[in-house]
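Take a look at the letters that make up each chain.
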Amino acid sequence: MHRRRQWFLERATDYAKERVVFDRPIGKNQGVQFPLAKAYAQMRAAELMVHKAAELFEAGTNCGAEANMAKLLAADGVLGSRGSLRPDHGGFGFAEEYDIERKFRETRLYQVAPISTNLILSFLAEHVLGLPRSY
């Protein structure tokens, strides 16, 4: 998932630097900058959680919560970074030759596989927060 997030973020950032409207790059606008910055922060948070889960796993410690949070943050981060890309590209975000449309569809898979985000949330609610089982 990291490569997908990075792919979207790099494309969106490059486009924001290059696309000029009204004699200025669209990347000068906070409406373009802020979603890209947020997607970057989400990507880094997911990376840190992956490292924490791996550290716990290698130490032989229970890492279920951290592994689940890493997957959740990564899946949400992909959606955030892809959401920044398509509007900035306008109609080109739907054109097949730019690959954005295809990757946009592919990233939806991360919400349901290999484990759905709803199951992750149920796990965290039950095993971390101590709430009763919801299913």
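Being a predicted model, the structure only gives us computed values, none of them experimental.

Draft legend 1. Focus on the pattern of salt bridges. The tally for this structure, following the rule as stated, stands at two salt bridges. Here arginine 44 makes a salt bridge to glutamate 47, at a shortest N to O gap of 2.9 Å. With arginine 44 and glutamate 47 both in helix 2 (residues 30-58) and three residues apart, the pair spans about one turn of that helix. When the shortest N-O distance is used, the salt bridge between glutamate 55 and lysine 52 registers 3.6 Å. On the criterion of helical spacing, the pair formed by glutamate 55 and lysine 52 is a turn pair, its members being three residues apart in helix 2. Residue glutamate 55 is classed as partly exposed on the basis of its relative accessible area of 48%.

Draft legend 2. Up close: the nonpolar core. Judged by nonpolar contacts, Leu9, Ala12, Tyr15, Ala16, Ile26, Val32, Leu36, Ala39 and Met43 together constitute the single largest core of nine residues. Elements with a contribution of two residues or more to this core: helix 1 (2-18) and helix 2. Of all hydrophobic cores here, the second largest spans six residues; its members include Trp7, Phe8, Ala75 and Val78.

Rules used in this analysis
Residues numbered from 1 in each chain as written. Predicted model: local features only at pLDDT ≥ 70, side-chain atom pairs only at ≥ 80, totals over all residues. Heavy atoms only, no water. Salt bridge = Lys/Arg side-chain N within 4 Å of Asp/Glu carboxyl O. Helix = DSSP H or I, 4+ residues; strand = E, 2+ residues; numbered from the N terminus. Buried < 20%, exposed > 50% of the residue type's maximum accessible area, 1.4 Å probe, protein only. Core = buried A, V, L, I, M, F, W, Y, C linked by side-chain atoms within 4.5 Å.

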